[in-house]
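One letter stands for each residue in the lines below.
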Amino acid sequence: MAENFQLWISHDLSERIRRHGAEVFPHECCGALLGRDATAVGSGDSQESGTPREVLDLFPMVNRRDDSPRNRFAVTADDVRDAEKAASQHGLEVVGWYHSHPDHPARPSQFDREHAWPWYSYIIVSVMSGAPAEMTSWRLDDDRQDYSAERIEIRNSAGA
Amino acid sequence: MAVKVIIPTPLRVYAAKKDSAEVSAETVGEALGGLTAQFSELRKHLFTDDGKLRSFVNVYLNDEDIRYMAKEATPVKDGDVVSIVPSIAGGC
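So, the sheet that holds strand β2 (residues 20–24) of chain B
Alright, step 1. Read across the open sheet, the 5 strands follow the order β2-β1-β5-β3-β4 (chain B); overall the sheet is mixed. Both edges of this open sheet fall to β2 and β4 (64–65) of chain B, since each of them pairs with a single strand only.
Alright, step 2. Sheet topology places strand β3 (residues 57–61) of chain B next to β4(B); 2 bridges connect them, and they run antiparallel. In the strand pairing of β4(B), Leu61(B) is matched with Glu64(B).
Alright, step 3. Contacts between helix α2 (residues 77–89) of chain A and the sheet are confined to β3 and β5 (81–86) of chain B, with β5(B) contributing the most and set at about 95 degrees to the helix.
Alright, step 4. Its contacts with the sheet put helix α1 (residues 28–38) of chain B on β1 (2–6), β2, β3 and β5 of chain B, and the angle it makes with β2(B) is roughly 120 degrees.

Structural notes on the sheet that holds strand β3 (residues 53–61) of chain A
Residue and element names in this part refer to chain A.
Alright, step 1. On the basis of which strands lie adjacent, the closed barrel formed by 7 strands has the order β1-β3-β2-β5-β6-β7-β8 and mixed pairing. Averaged over all pairs of adjacent strands, the angle between their axes in this sheet comes to 35 degrees, without regard to strand direction.
Alright, step 2. Here 6 bridges tie strand β6 (residues 121–128) to strand β7 (residues 131–140), and the two strands are oriented antiparallel to one another. Bridging across to β7, Ile124 finds its partner in Thr136.
Alright, step 3. Running at roughly 30 degrees to β3, helix α1 (residues 11–24) makes contact with β1 (6–10), β2 (30–37), β3, β5 (93–102), β6, β7 and β8 (147–155) of the sheet.
Alright, step 4. Sitting on the sheet, α2 is in contact with β2, β3 and β5, with an inclination near 125 degrees to β5.

Considerations on the packing of aromatic side chains
Alright, step 1. If you walk through the whole model with that rule in mind, you get 5 aromatic pairs over all chains.
Alright, step 2. Consider the rings of Tyr120(A) and Tyr122(A), whose centres lie 6.4 Å apart with planes at 85 degrees: the pair is edge-to-face. Across the pair, exposure class does not vary: Tyr120(A) and Tyr122(A) are buried alike.
Alright, step 3. With a centroid separation of 6.1 Å and 80 degrees between ring planes, the pair formed by Trp138(A) and Tyr147(A) is classed as edge-to-face.
Alright, step 4. Residue classification places Trp138(A) among the buried residues on the basis of a relative accessible area of 15%.
Alright, step 5. One aromatic cluster is present, built from ring pairs that chain together Trp97(A), Trp119(A), Tyr120(A) and Tyr122(A).
Alright, step 6. The side chain of Arg72(A) reaches across the aromatic face of Phe111(A), ending 3.7 Å from its centre.
Alright, step 7. Its guanidinium or amino end placed over the ring of Phe47(B), Arg43(B) lies 4.7 Å from that ring's centre, counting from NZ or CZ.

Calculation criteria
- Within each chain, residues carry numbers counting from 1 in the order of the written sequence.
- By the order in which they are written, chains take letters starting at A while ligands take numbers starting at 1.
- In keeping with the model being predicted, local features are shown solely for residues with a pLDDT of at least 70 and side-chain atom pairs are shown and tallied solely at 80 or more, while totals for entire chains, interfaces and linings include all residues.
- Water and hydrogen atoms were dropped before computing side-chain values, which therefore reflect all heavy atoms in the structure.
- By this definition, two strands are paired if DSSP reports at least two bridges between them.
- Counting from the N terminus, the helices are DSSP H or I runs at least four residues long and the strands are E runs at least two residues long.
- Residues are treated as being in contact if the distance between any of their heavy atoms lies within 4.5 Å.
- Helix axes use the C-alpha atoms of the stretch in contact, all axes being lines fitted to C-alpha atoms, and the angles between their N-to-C directions lie in the range 0 to 180 degrees.
- For Phe, Tyr and Trp, rings pair up if their centres lie within 6.5 Å, where Trp contributes its six-membered ring, and each pair is then called stacked (planes under 30 degrees apart), edge-to-face (over 60) or tilted (otherwise).
- Throughout this description, buried means an accessible area under 20% of the type-specific maximum (1.4 Å probe, protein chains only), exposed means over 50%, and partly exposed covers the range between.
- Two conditions define a charge located above a ring, namely a distance within 6 Å from the ring centre to NZ of Lys or CZ of Arg, and an angle within 35 degrees of the ring normal.

Everything listed is a geometric property; what it means functionally is a separate question.
Right under this line is the structure:
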């Protein structure tokens, strides 16, 4: 069943993700995507798919996997709570996470899938030899077996 | 004991979009069991196939991580709040 997920993000924010990936290369960067989603609690009836989700701010984070930062990233529960707090202070919520794949394509790995949560958007930016390259977004399927691609729509200015 | 379980944002789609649920339980484990009895689709996102809590699922009783208490056997009392908090991981 093809889902029609869309993620709106401004050019500026997408560039910030790419820069974060380049800055910490060859390590993985990570951070939270703060925004709005029409399917969130309290927004009334809405479709489960096909409804654009919008990223309106970022919450860059420290990669806690200092034992293996080139091919792993981790965000602790306390960090997640901090990101949720930052989001709610701006009337937003955490709609997903971004991380980089240093010298790897922007495709979710098996490790990504095994550790993913449903509903969240997972942006991956590939950083090849220190230069940001392809950026993709994915969502875990309900059965946890696979991902669905999410179309990233770069908008010229945040639509808030 | 009547306790409240806080459901994290990514799992609310499997819980009738509720952000919390009231359950009756004697332990944290029973509270989670009560939650998944109400919303069976939550089960595979919280537990592995052999019934263990997934490694990136963190459970707090009030503000204490149950890993530092008696884990799922931690007793609960009336009015307690059990929070499910994600941690996030991945890599290439």
